[in-house]
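Results of the structural survey
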Amino acid sequence: MRLLQDVQPHEIYHLGGQSSVQTSFQQPVYTAEASGQSALRFIEELALAAPQARLFHASSSEVFGRNAYGTVSEETDFHPASPYGVAKLFAHWSVINFREAQGLHASNGIMFNHESPLRGMDFVTRKITATLAQIACGGQQILVLGNLDNARDWGFAGDYVEAMWAMLQQEDGDDFVIASGETHTVRQFVELSAAAMGLDIVFEGEGLECKGVERKTGRQLVGVSADFYRPSEPDPMIGNSDKARAKLGWQPRVSFEQLVTMMAESDLQRARDGQVWY
Ligand code: GDP
């Protein structure tokens, strides 16, 4: 609060929290505190110490969860399917409440998955590109994943940050879905990453029995484990970002294929440079 009083920021981007859906099933209370209640604490302090500041809050597609078969927009009802989604929904409504009750310039970006070469290893995209890069450079490991048929609407984080900024240049705070408008499966992400690294993987079997093997050697490169399945998953959903496109003039510039190639090439370079991950 003292920092807010001293700095009197013009714009604040609140991206903090416990951001892994998977971890939220093991640590629901911590997630509620870190991703839900902490946002409310912050907004309350902001309202007292720097009420003229413009606030962006990173809400999440996880707020839709079970309600979301098909295309979802700002008008779709919420029904989160994870402790993370529940925590984010609390923060989301706190932002709206302070906007309506206290007149804050506060916006929610309902952010669909956004990735980049800087993505954490807990997320499936970076786990795939980092592990396949090790394999492509002669490593002996196998990439072990959960459900390969799960789908996400994945975009490039750089594009999504431009949308965050654009929200704070509006005259008033508002809520916007930020999404690519396409979904792809985890399996497709693996296939495209592998191809970008010169690995030719074919999949055999279904579900937990599924295996990805290198076509020419028959060596297993990808396996599936129930350890990475989740107790519940959101319905497969596509984000409709028409409102952001119309009001903010926003649109993503990086396609799914370009995103996967960017991450694959970056991790291949890191592996060639001998960088190690944990
Ligand atoms: P999330 O959408 O924020 O949960 O992003 P993640 O990257 O963690 O997960 C995206 C999807 O990939 C989910 O449907 C996961 O169930 C699925 N998935 C499959 N295998 C894995 C895995 O090994 N790790 C993670 N994190 N997700 C996996």
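Let me begin by describing the structure that accompanies this report. As the structure is a computational prediction, the values presented were derived from the model and not from experiment. Residue indices begin from 1 for each chain and proceed along its sequence in written order. Totals for whole chains, interfaces and linings use all residues, but because this is a predicted model, local features are given only for residues with pLDDT of at least 70 and pairs of side-chain atoms are given and counted only at 80 or more. For side-chain calculations, the full set of non-hydrogen atoms in the structure is used, while hydrogens and water are omitted.

**Details of the site of the ligand**
What surrounds the ligand is a group of 16 residues, the closest being Lys127, Gly146, Arg152, Arg230 and Glu233. A distance of 2.9 Å is found between an oxygen atom of the ligand and a backbone nitrogen or oxygen belonging to Val124. Asn150 is positioned with one of its side-chain polar atoms (N or O) 3.0 Å from an oxygen atom of the ligand. Protein contacts shield 96% of the accessible area of the ligand, which totals 530 Å² for the unbound molecule. Here the shell around the ligand is built from residues that sort into 6 nonpolar, 5 polar and 5 charged. We define proximity as follows: a residue is near a molecule or strand when any one of its heavy atoms falls within 4 Å of that partner. For the purposes of these results, a polar contact is taken to be a pair of N or O atoms within 3.5 Å, where, inside protein, one atom must be able to donate a hydrogen and its partner to accept one; residues adjacent in sequence count only when each atom of the pair is a side-chain atom. Each accessible area is a Shrake-Rupley estimate made with a 1.4 Å probe; only the visible protein chains count as cover when residues are assessed. Any residue that is not Ala, Val, Leu, Ile, Met, Phe, Trp, Tyr, Cys, Pro, Asp, Glu, Lys or Arg is counted as polar, Gly included; the first ten are nonpolar and the last four charged.

**Some thoughts on the pairing of strand S12 (residues 211–214)**
Sheet topology note: the strand S11 (residues 201–204)/S12 ladder contains 4 bridges and is antiparallel. Bridge pairing links Val202 to Val213 in S12. Between S11 and the antiparallel strand that follows it, S12, lie 6 residues; Gly205 among them carries a positive phi value of about 80°. DSSP calls a pair of strands paired once it identifies at least 2 bridges connecting them. Here a helix means four or more residues in a row that DSSP labels H or I, a strand means two or more in a row labelled E, and each is numbered from the N terminus. In this sheet, strand S13 (residues 220–224) lies alongside S12 in antiparallel orientation, the contact comprising 2 bridges. The partner of Val213 across the bridge, within S13, is Gln220. Taking the residues that link successive antiparallel strands as the turn, the S12-S13 hairpin has 5 residues, and the phi of Gly218 there is positive, at about 75°.

**What to know about helix H5 (residues 124–136)**
Structural remark: α-helix, 3.6 residues per turn; residues separated by three or four positions point the same way. In this analysis, the expected span of each helix is defined as 1.5 Å times one less than the number of residues it contains. Over its 13 residues, H5 runs 18 Å from end to end, which matches the ideal 18 Å to within 8%, given 1.5 Å per residue. Of all the 13 residues making up H5, 10 are buried; the element is thus mostly covered by neighbouring parts of the structure. We call two residues in contact whenever any of their non-hydrogen atoms come within 4.5 Å of each other. The elements touched by buried residues of H5 are strand S5 (114–115), strand S6 (143–145), helix H7 (186–196), S11, S13 and helix H9 (256–272). Backbone geometry just downstream of H5 places Gly138 in the positive-phi region, at approximately 100°. Buried residues are those whose accessible area, probed at 1.4 Å on protein chains only, stays under 20% of the maximum for their type, while exposed residues exceed 50% and partly exposed ones sit between those limits.

**Focus on the nonpolar core**
Only buried Ala, Val, Leu, Ile, Met, Phe, Trp, Tyr and Cys residues count toward a nonpolar core, and they belong to the same one when joined by side-chain atoms within 4.5 Å. In terms of nonpolar packing, the biggest core is built from 28 residues, with Ile128, Leu132, Leu145, Val190, Ile201 and Val222 touching the most fellow members. Those elements that provide at least two residues to this core are H5, S6, H7, S11, S13 and H9. With 7 residues, H9 is the largest single contributor of residues to this core. With sequence-adjacent residues up to four places away left out, Leu145 is seen in contact with Val124, Lys127, Ile128, Val186, Val190, Val222, Gly223, Val224, Ser225 and Phe228. Among the nonpolar cores identified, the runner-up in size contains 14 residues, and Tyr160, Leu168, Phe176 and Ala244 belong to it.

**Examining helix H4 (residues 83–102)**
Between its terminal C-alpha atoms H4 stretches 28 Å, which fits the 28 Å expected from 20 residues at 1.5 Å a residue. Buried within H4 are the following residues: Tyr84, Gly85, Ala87, Lys88, Leu89, Ala91, His92, Ser94, Val95, Ile96, Phe98 and Arg99.

**A look at the packing of aromatic side chains**
Planes of paired rings set the category: under 30 degrees apart is stacked, over 60 is edge-to-face and the rest tilted, where pairs are Phe, Tyr or Trp rings (Trp by its six-membered ring) whose centres lie within 6.5 Å. Counted according to the given criterion, the structure contains 8 aromatic pairs. Where Tyr160 meets Trp250, the ring centres are 5.7 Å apart and the plane angle is 90°; that geometry is what we call edge-to-face. Highlighted residues: Tyr160 in helix H6 (residues 157–168) and Trp250 in the loop between helix H8 (242–247) and H9, separated in sequence by 90 residues. Look at Tyr160 and you get buried, because its relative accessible area is 0%.

**Some details on the sheet that holds strand S4 (residues 105–111)**
Taken in spatial order, the 4 strands of this open sheet run S1-S2-S4-S9, and their pairing is parallel. Every other strand in the sheet has two partners, leaving strand S1 (11–14) and strand S9 (175–178) as the edge strands with one partner each. The mean angle between the axes of side-by-side strands here comes to 20°, regardless of whether they run parallel or antiparallel. As defined by bridge partners, S4 adjoins S9 across 4 bridges and the pair is classed as parallel. Following the sheet pairing, Met111 is matched in S9 by Ile178. The convention used is that axes are lines fitted to C-alpha atoms, helices contributing only their stretch in contact, and that angles between N-to-C directions extend from 0 to 180 degrees. Along the sheet, helix H3 (residues 28–49) contacts S1 and strand S2 (54–60); its crossing angle with S1, the most-contacted strand, is approximately 170°. Taken strand by strand, H4 contacts S2, S4 and S9, and its axis lies near 150° from that of S2.

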